[in-house]
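Geometric and topological summary
As a plain string of letters, each chain reads:
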Amino acid sequence: MYTALTIAGSDSSGGAGIQADIKTMMAHGIYAMSAVTALTAQNTTGVADILEVTPDFLEKQLDCVFTDIFPDAVKIGMIPSAGLIEVTADSLLRHRARNIVLDPVMVATSGARLTDLQAVEALKEKLLPGADLVTPNIPEAEVLSGMKIKDGEDMEEAAGKIGDTYGCAVLCKGGHQLNDANDLLYRKGSFKWFKGKRIDNPNTHGTGCTLSSAIASNLARGMEMEAAVGLAKEYLSKALADMLDLGHGRGPMNHAFAVRDWRGDAANEK
Ligand SMILES: Nc1ncnc2c1ncn2[C@@H]1O[C@H](COP(=O)(O)OP(=O)(O)OP(=O)(O)O)[C@@H](O)[C@H]1O
Ligand SMILES: Cc1ncc(CO)c(N)n1
């Protein structure tokens, strides 16, 4: 059985963070493990509070996972502070983790900040250089590259800057554009666009977590990076196109489309 680890925050509403990651990995037939960096009290309308674990406790979770069931891939999501980022980077290096997909989470879909400003600096210095792939959305790519992004050409320039500075592949996600949902992969000096049709669904809570976990799941199975990204985007589009509508704000996506056969479609109807 292929295995994957998510290092991320818990989302009490189940649409993003650890919960989205585990749902996605399970839908890909992957055995999912987790190291929790923080608990968030959040729902589709916003984040009420964040409780971080201590660096020492995060390190223990990582040691427990890596010394027992070694993950074939690692997805990194919300890490709220520099101390937790340092422990994570050291641990991944010490345990020789492979297939590391880093979602540089900074702000939730609802607009709330999930990491402090020192964490952004630590992310750049400690985590990006060890990652195989980093998956910023447009505002995150602006922070990491230090430039404004208005169009596809700017996305290429920013992704190139990030990739060349930190020595990792970069997937710049286009979900924050108005007209399309095209993502750009920069890897080893060349660009590949993944074109996506914009789905008219406001319920996009957790799209970034889902995409990065789907990529990690595909890498865990041994897929090449380009194929892993292409298939992950297909998974995300299907989950979004299922038009689940829960909660009072930007709701989560439906992962159950991938596992419906177990109980039949009828069991999912309300
Ligand atoms: N309305 C949409 N229709 C189709 N694809 C979308 C839509 N919105 C986002 N996506 C896709 O979802 C993926 C995640 O991109 P996005 O830019 O939304 O990430 P994010 O902002 O990190 O997500 P999150 O909301 O979890 O923070 C990308 O592949 C993007 O193209
Ligand atoms: C815990 C957590 N991680 C990531 C995101 C980004 O969507 C979120 N809203 N919550």
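Everything below is about the structure printed above this text.
Residues numbered from 1 in each chain as written. Chains lettered and ligands numbered in written order. Predicted model: local features only at pLDDT ≥ 70, side-chain atom pairs only at ≥ 80, totals over all residues. Heavy atoms only, no water.

**Considering the overall build of the protein**
Here is the rule: Under the DSSP-based scheme used, a helix requires at least four consecutive residues in state H or I and a strand at least two consecutive residues in state E, with every element numbered from the N terminus. In this setup the radius of gyration rests on C-alpha atoms only. A globule is expected at 2.2 Å times the number of residues raised to 0.38. Note on exposure labels: buried denotes an accessible area under 20% of the residue type's maximum, exposed denotes more than 50%, and partly exposed covers the range between, all computed with a 1.4 Å probe on protein chains only. What makes two residues a contact is simply this: any of their non-hydrogen atoms within 4.5 Å. Per-residue accessibility takes into account occlusion by the displayed protein chains alone, with areas from the Shrake-Rupley method and a 1.4 Å probe.
Per the secondary structure count, the protein includes eight helices and nine strands. At 17 Å, the protein has a C-alpha radius of gyration in line with the 18 Å of a compact globule built from 270 residues. Residues counted as buried form 53% of the 270 residues belonging to the protein. In the protein, once contacts between residues fewer than 6 apart in sequence are set aside, the share between residues at least 24 apart is 67%. Accessible surface, the protein as shown: approximately 12600 Å² in total, 52% of it carbon and sulfur.

**Brief notes about the site of ligand 2**
What counts is decided by this rule: It suffices for a single heavy atom of a residue to lie within 4 Å of a molecule or strand for the residue to be listed as near it. Any N or O atom pair separated by 3.5 Å or less is treated as a polar contact, with the protein-specific requirement of one donor-capable and one acceptor-capable atom, and with residues adjacent in sequence counted only for side-chain atom pairs. Side-chain classes follow a simple rule in which Ala, Val, Leu, Ile, Met, Phe, Trp, Tyr, Cys and Pro form the nonpolar group, Asp, Glu, Lys and Arg form the charged group, and the remainder, Gly included, forms the polar group.
Close to ligand 2 lie Gly9, Ser10, Ala16, Gly17, Gln42, Met78, Val105, Ala108, Leu114 and Cys209, which account for all nearby residues. Here a nitrogen atom of ligand 2 and a side-chain polar atom of Gln42 are 2.9 Å apart. When its residues are assigned to classes, the shell around ligand 2 shows six nonpolar, four polar and no charged.

**Some details on the pattern of salt bridges**
Using the following cut-off: Salt bridges, as used here, are contacts in which a Lys or Arg side-chain nitrogen is within 4 Å of a carboxyl oxygen on Asp or Glu.
Across all of its chains, the model carries 10 salt bridges by this definition. Across the salt bridge formed by Asp154 and Lys150, the nearest N and O atoms sit 3.1 Å from each other. Owing to a relative accessible area of 11%, Asp154 belongs among the buried residues under this scheme. One salt-bridge network, held together by shared partners, links Glu59, Asp63 and Arg94.

**Observations concerning the nonpolar core**
Using the following cut-off: Put simply, a nonpolar core is a bunch of buried Ala, Val, Leu, Ile, Met, Phe, Trp, Tyr and Cys residues held in one set by side-chain atoms that sit within 4.5 Å of each other.
Residues Leu5, Ile7, Val74, Ile76, Leu92, Leu127 and Leu128 are the most contacted members of the largest nonpolar core, which totals 45 residues. Ranked by residue count, the leading element in this core is helix H3 (residues 82-94), at six residues. Ignoring anything within four residues of it in the chain, the contact list for Ile7 reads Ala35, Thr37, Leu58, Leu62, Val74, Lys75, Ile76, Gly77, Ile79, Thr88 and Leu92. Formed by 26 residues, the second largest nonpolar core is a distinct cluster that contains Ala214, Ile215, Met225 and Leu240.

**Side note on unusual backbone geometry**
Phi is positive for Arg96, which is not a glycine, with a value near 55°. Mapped onto the secondary structure, Arg96 falls in the loop between H3 and strand S5 (100-102). One non-glycine residue, Lys188, adopts positive backbone phi at about 45°.

**Topic: the pairing of strand S3 (residues 46-52)**
Selection criterion: Any two strands are treated as partners once DSSP identifies two or more bridges connecting them.
Bridge analysis of strand S2 (residues 31-43) against S3 gives six bridges, and the strand direction is antiparallel. Bridge pairing in S3 links Asn43 to Gly46. Connecting S2 to the next strand, S3, in antiparallel fashion are two residues.

**Remarks on the packing of aromatic side chains**
As a reminder, the rule being used: Side-chain rings of Phe, Tyr and Trp, where Trp is taken by its six-membered ring, are said to pair if the distance between their centres is within 6.5 Å; with planes under 30 degrees apart they count as stacked, over 60 as edge-to-face, and otherwise as tilted. Counting as a charge over the ring demands two things of the Lys NZ or Arg CZ atom: a distance within 6 Å of the ring centre and an angle within 35 degrees of the ring normal.
Counting across every chain of the model gives three aromatic pairs. Ring plane angle 70° and centroid distance 5.5 Å describe the contact between Phe66 and Phe70, whose orientation is recorded as edge-to-face. Residue classification places Phe66 among the buried residues on the basis of a relative accessible area of 6%. Arranged with centres 5.2 Å apart and planes meeting at 45°, the rings of Tyr235 and Phe257 form a pair that is tilted. A residue pair is termed long-range when its members are at least 10 positions apart, and Tyr235 in helix H8 (residues 225-241) and Phe257 in the segment after H8 qualify at 22 residues. A cation sits over an aromatic face here: Lys192 above Phe194, 5.3 Å from the ring centre.

**Topic: the side chain of Thr40**
Mapped onto the fold, Thr40 is located in strand S2. Within polar-contact distance, the side chain of Thr40 engages the backbone oxygen of Ser10 at 2.6 Å. A distance of 2.9 Å separates polar atoms of two side chains, one belonging to Thr40 and the other to Gln42. Those residues within four positions of Thr40 in sequence are excluded, and the remaining contacts are Ser10, Asp11, Ser12, Asp49, Ile50 and Met78.

**Re the sheet that holds strand S4 (residues 73-76)**
The sheet built from nine strands is open, its strands ordered S3-S2-S1-S4-S5-S6-S7-S8-S9 with mixed pairing. Two strands lie at the open edges of the sheet, namely S3 and strand S9 (190-194), each paired on one side alone. Where S4 lies against S5, three bridges are found, and the strand directions are parallel. For Lys75, the partnering residue across the bridge sits in S5 and is Val101.

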